[in-house]
Amino acid sequence: MSDKSILARKSFYFKEEDDLSLRPKSLDEYIGQKSLKQNLKIYINAAKERQEVLDHILFFGPPGIGKTTLAYIVANEMGVNIRTISGPSLERSGDLIACLTSIEAGDIVFIDEIHRIPKTVEEVLYSAMEDYRIALLIGREQGGKVVDFLLPPFTLIGATTKPSLLSAPLRNRFGINAKLASYSTKEIMELILRSARVFKHPITHEAAFELAKKSRNNPRLANRYYKRVRDFATFYNEQIIQIERVKIMLSSLDVDEAGLVEYERHYLTILKERFNGGPVGIETLSALLDEEKENVEEIYESYLLQIGFIERTKRGRTITKKGLNHLNGLKN
Ligand code: ADE
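Report on the accompanying structure. Residue positions are given per chain, counting from 1 as you read along its sequence in written order. Per-residue local features are limited, in this predicted model, to residues with pLDDT of at least 70; the limit for side-chain atom pairs, both in listing and counting, is 80 or more; totals at the level of whole chains, interfaces and linings are taken over all residues. Only hydrogens and water are removed before side-chain values are computed, so all heavy atoms of the structure are retained for them.

## Overview of the sheet that holds strand β3 (residues 108-112)
In plain terms, the rule: Following DSSP output, two strands are said to pair if at least two bridges run between them. Elements are defined by DSSP. Helices are runs of H or I of four residues or more, strands are runs of E of two residues or more, and each kind is numbered from the N terminus. Throughout, an axis means a line fitted to C-alpha atoms (over the contacting stretch in the case of helices), and angles, computed between N-to-C directions, take values from 0 to 180 degrees.
Pairing within the open sheet is parallel, and its 5 strands lie in the order β2-β3-β6-β1-β7. Among the strands making up the open sheet, the edge pair consists of β2 (82-86) and β7 (176-179). Averaged over all adjacent pairs, the angle separating strand axes in this sheet is 15°, with direction ignored. As defined by bridge partners, strand β1 (residues 57-60) adjoins β7 across 4 bridges and the pair is classed as parallel. Across the sheet, residue I57 finds its bridge partner in β7, namely I176.

## As for the side chain of R245
Stated precisely, the cut-off is as follows: We call two residues contacting when some pair of their heavy atoms lies within 4.5 Å.
Among the structural elements, R245 can be located in helix α10 (residues 243-252). Setting aside anything within four residues of it in sequence, one finds R245 in contact with V229, F232, A233, Y236 and E238.

## Concerning the packing of aromatic side chains
The line we're drawing: Here is the rule: rings of Phe, Tyr and Trp (six-membered ring for Trp) pair when centre to centre is within 6.5 Å. Planes less than 30 degrees apart are stacked, more than 60 are edge-to-face, and the remainder are tilted. Any residue under 20% of the maximum accessible area for its type is buried, any over 50% is exposed, and the rest in between are partly exposed; the area is computed with a 1.4 Å probe on protein chains only.
For the coordinates displayed, the defined rule picks out 6 aromatic pairs. Between Y263 and Y300, the aromatic rings sit 5.2 Å apart at their centres with planes inclined by 70°, giving edge-to-face as the arrangement. In this pair, Y263 is assigned in helix α11 (residues 262-274) and Y300 in helix α13 (residues 293-306), connecting sequence segments 37 residues apart. Grouping residues by exposure puts Y263 and Y300 together as buried.

## Examining the pairing of β2
Direction of pairing for β2 relative to β3: parallel, over a ladder of 5 bridges. Bridge assignment links S86 to a residue of β3, and that residue is D112.

## Focus on the packing of helix α12 (residues 282-289) against α13
Each pair of packed helices can be summarised by the angle the axes make with each other and by the distance between the axes. What counts is decided by this rule: Should an angle lie under 35 degrees it is considered roughly parallel, over 145 roughly antiparallel, and from 65 to 115 roughly perpendicular; all remaining angles are considered oblique.
Two elements in contact, α12 and α13, have axes whose closest approach is 9 Å; the angle formed by their N-to-C orientations is 85°. Our classification of the angle between α12 and α13 gives roughly perpendicular. Contacts from I282, E283, L285, S286 and L289 of α12 reach α13 at K293, V296, E297, Y300 and E301.

## Points about unusual backbone geometry
Along the chain, G278 connects to P279 via a cis peptide bond; the corresponding omega equals 5°. Counting through the fold element by element, P279 comes out in the loop between α11 and α12. Of note, Y132 is a non-glycine position whose phi angle comes to about 50°, a positive value. Relative to the helices and strands, Y132 is located in the loop between α5 (119-131) and β4 (133-138). Given a relative accessible area of 22%, Y132 falls into the partly exposed group.

## Quick word on the environment of E122
Where we set the bar: Each polar contact in these results corresponds to two N or O atoms within 3.5 Å; when the atoms are within protein, one needs to be able to donate a hydrogen and the other to accept it, and residues that are neighboring in sequence are counted only if both atoms are side-chain atoms.
Here E122 is to be found in helix α5. Sequence-distant contacts of E122, that is, excluding residues within four places in its chain, are made with I117, S167 and L170. A distance of 2.6 Å separates the side chain of E122 from the side chain of Y126, its partner in a polar contact.

Purely geometric stuff here, so don't read any function into it on its own.
What follows is the structure in structure tokens.
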């Protein structure tokens, strides 16, 4: 498997530069997450009323579910600047210190994929989060001395797909811990209708519903599919996007009735035909697919597991009746 194709697969579902113009700016515009939005409104209003900084917030949930969007909304509603850093890009503590020493009082520092920061960087966060202090080393190793540096009060927003990988000391420093709930098909449809209004290229309710059903309850995917079908509609000079166009676009991307794409069907077919439905070990599957084990778990299996097409057992992966029915249905 070439690097290029694995990247293409990753970007299908994982991070890709989101379209900023589609991002809602306020909690009222943000679709779904009703109780979280209500709570955030209270915390934001209370902090503003007391003229204090907002407590540190940890958002967690699967990729593409709106964690970054929410962080930007919080900054907007608080009327403060937001600085974004991606966890894996923080290689040394100096990278984080450079950011923390250049913020203004009240600002938000947003660390995406916070579970991927190195331990040394994490340790800087402890005192920074707890009492807005960091230990700075001034001068070279021998002659240098450590000084206590006071930071302006700030809010850290962390986002993670894997909260269990956060150490307890880090997790405990977030005053607000919020798991983003999954979206209903109706909410995803609403989101598509909203994107259509933002882009001023309308879509019928029926077409939006069809698109929503194939979007795996995932806002990022729904927006991506909406943008693709809008390309088709523009190309064919259609003012209003109809369900037929949605179906044509989805089939051109090889998205099937269950919202699965080609490589997921390939995985299911291997399980069914080469291993009689399993169980088969992850190592064997990884070798056959020519992928790293982590990639198989994250990219191939996560949605199949979520919709109950496969199961992870002690003896390996098995295809479920539901998964088999899906594959068999495709043949007819
Ligand atoms: N973009 C990403 N998540 C969203 C949401 N929940 N509502 C509106 N736009 C979004």
